[in-house]
Amino acid sequence: AFFDGEIYDSALIYFEWGLFYRNRMDDTPPSSIQESDINIAKALIKLGRPKEAEPKLKRIEKEVALIPNPTIELRLYELLLQMYGDLNDYKNAFTYSTKYYVLKDSVFGMEQREELIRMNLSSKYAEQKLQDSLMNAEQIKLDKIHATKEQEMRDQKDHTAKLVMIGLIIALGLMLGIIIL
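Since the model is a prediction, treat every value here as computed from it, not as a measurement.

*Asks:* Help me get a handle on the pattern of salt bridges, residues and values and all.
*Replies:* Going through the model one piece at a time under the given rule, you end up with eight salt bridges. Across the salt bridge formed by Asp 37 and Arg 59, the nearest N and O atoms sit 2.1 Å from each other. On the criterion of sequence distance, the pair formed by Asp 37 in helix H2 (residues 30–46) and Arg 59 in helix H3 (residues 50–66) is long-range, its members being 22 residues apart. Classification of Asp 37 as buried rests on a relative accessible area of 3%. Residue Arg 59 is classed as partly exposed on the basis of its relative accessible area, which comes to 32%.

*Asks:* Report on the confidence of the model for the protein chain, specifying residues and quantitative values.
*Replies:* Per-residue confidence for the protein chain gives a mean pLDDT of 87, with 93% of residues at or over 70. Mean pLDDT across the secondary structure elements of the protein chain bottoms out at helix H5 (residues 90–180), with 84, and peaks at H3, with 93.

*Asks:* An account of unusual backbone geometry is needed here, citing residue identities and associated values.
*Replies:* Backbone geometry places Asn 88, a non-glycine residue, at a positive phi of 60 degrees. Locating Asn 88 in the fold gives a position in the loop between helix H4 (70–86) and H5.

*Asks:* Outline the side chain of Asn 39, listing residues and values.
*Replies:* Relative to the helices and strands, Asn 39 resides in helix H2. When residues no more than four places from it in sequence are discounted, the contact partners of Asn 39 are Phe 15 and Arg 75.

*Asks:* Give a description of helix H1 (residues 8–24) that names residues and reports values.
*Replies:* Between the first and last C-alpha of H1 there are 24 Å, a value that for 17 residues agrees with the 24 Å anticipated at 1.5 Å per step. Three or more residues of H1 are buried, namely Tyr 8, Ala 11, Leu 12, Phe 15 and Leu 19. Seen along its axis, H1 keeps its buried residues to an arc of 100 degrees; they face one direction. Turned more than 90 degrees from where H1 packs its buried face, Tyr 14 and Arg 24 sit exposed. Those residues of H1 that are buried are in contact with H2.

*Asks:* Got a sec to walk through the nonpolar core? Specific residues and values, please.
*Replies:* A general feature of soluble globular proteins is that nonpolar side chains tend to end up buried together. Membership of the largest hydrophobic core comes to 27 residues, with the highest contact counts inside it found for Ile 38, Leu 57, Leu 76 and Leu 80. Of the residues forming this core, the biggest block, eight residues, is contributed by H4.

*Asks:* Now, about the packing of H1 against H2: what can you tell me, with residues and values included?
*Replies:* Relative orientation of the contacting elements H1 and H2 amounts to 160 degrees, with a least axis distance of 9 Å. As far as their axial angle goes, H2 and H1 are roughly antiparallel. Remark: the crossing between H1 and H2 carries left-handed chirality. In contact with Tyr 8, Leu 12, Phe 15, Glu 16, Gly 18, Leu 19, Arg 22 and Asn 23 of H1, H2 contributes Ser 32, Ile 33, Glu 35, Ser 36, Asp 37, Asn 39, Ile 40, Ala 43, Leu 44 and Lys 46. Among the residues making up the contact of H1 with H2, the classes are represented as eight nonpolar, five polar and five charged.

Rules behind the numbers
Residues numbered from 1 in each chain as written. Predicted model: local features only at pLDDT ≥ 70, side-chain atom pairs only at ≥ 80, totals over all residues. Heavy atoms only, no water. Salt bridge = Lys/Arg side-chain N within 4 Å of Asp/Glu carboxyl O. Helix = DSSP H or I, 4+ residues; strand = E, 2+ residues; numbered from the N terminus. Buried < 20%, exposed > 50% of the residue type's maximum accessible area, 1.4 Å probe, protein only. pLDDT = per-residue confidence, 0-100. Contact = heavy atoms within 4.5 Å. Expected span 1.5 Å × (residues − 1). Arc of directions from axis to C-beta. Core = buried A, V, L, I, M, F, W, Y, C linked by side-chain atoms within 4.5 Å. Axes fitted to C-alpha atoms, helices over the stretch in contact; angles between N-to-C directions. Parallel < 35°, antiparallel > 145°, perpendicular 65-115°, else oblique. Left-handed = near helix turned anticlockwise from the far one by under 90°. Nonpolar A, V, L, I, M, F, W, Y, C, P; charged D, E, K, R; others polar.

As structure tokens, then:
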């Protein structure tokens, strides 16, 4: 909020306190410390103190060379590009501009690949779900047809049994009629 409101001295204090508390935590990941240092450097640059920011940024650059973190690197290179541009050090500004855009394109490419993979998986999932749904509907239809056929066979047996029973009763009645006569 302080930084967005261009109250850079308050933002600097806020970021320094954040770093202080992060350093006191036992399990703070290095990227969190780097993030805090980048925020502090950004506030220092906005306050017109880039020479104080530069050592922090150079230290982070060495750290990400050992343990890459594209998110931190993008912020770092963007800030270094801005800082050297403000200092009219165009050679370094160009160097960090190149690093920034190469990494940004790489990250963009990775994001695009991830999005394509997500879309492909989503499509395959939807296709499988549709196929399962169709198979389920087909099975339900077959079960209904099977149940209908079984009912028809039971009805046919019942009808045949009734006819046999009626035939026996008529035959018995005729025999009785013949015997009585």
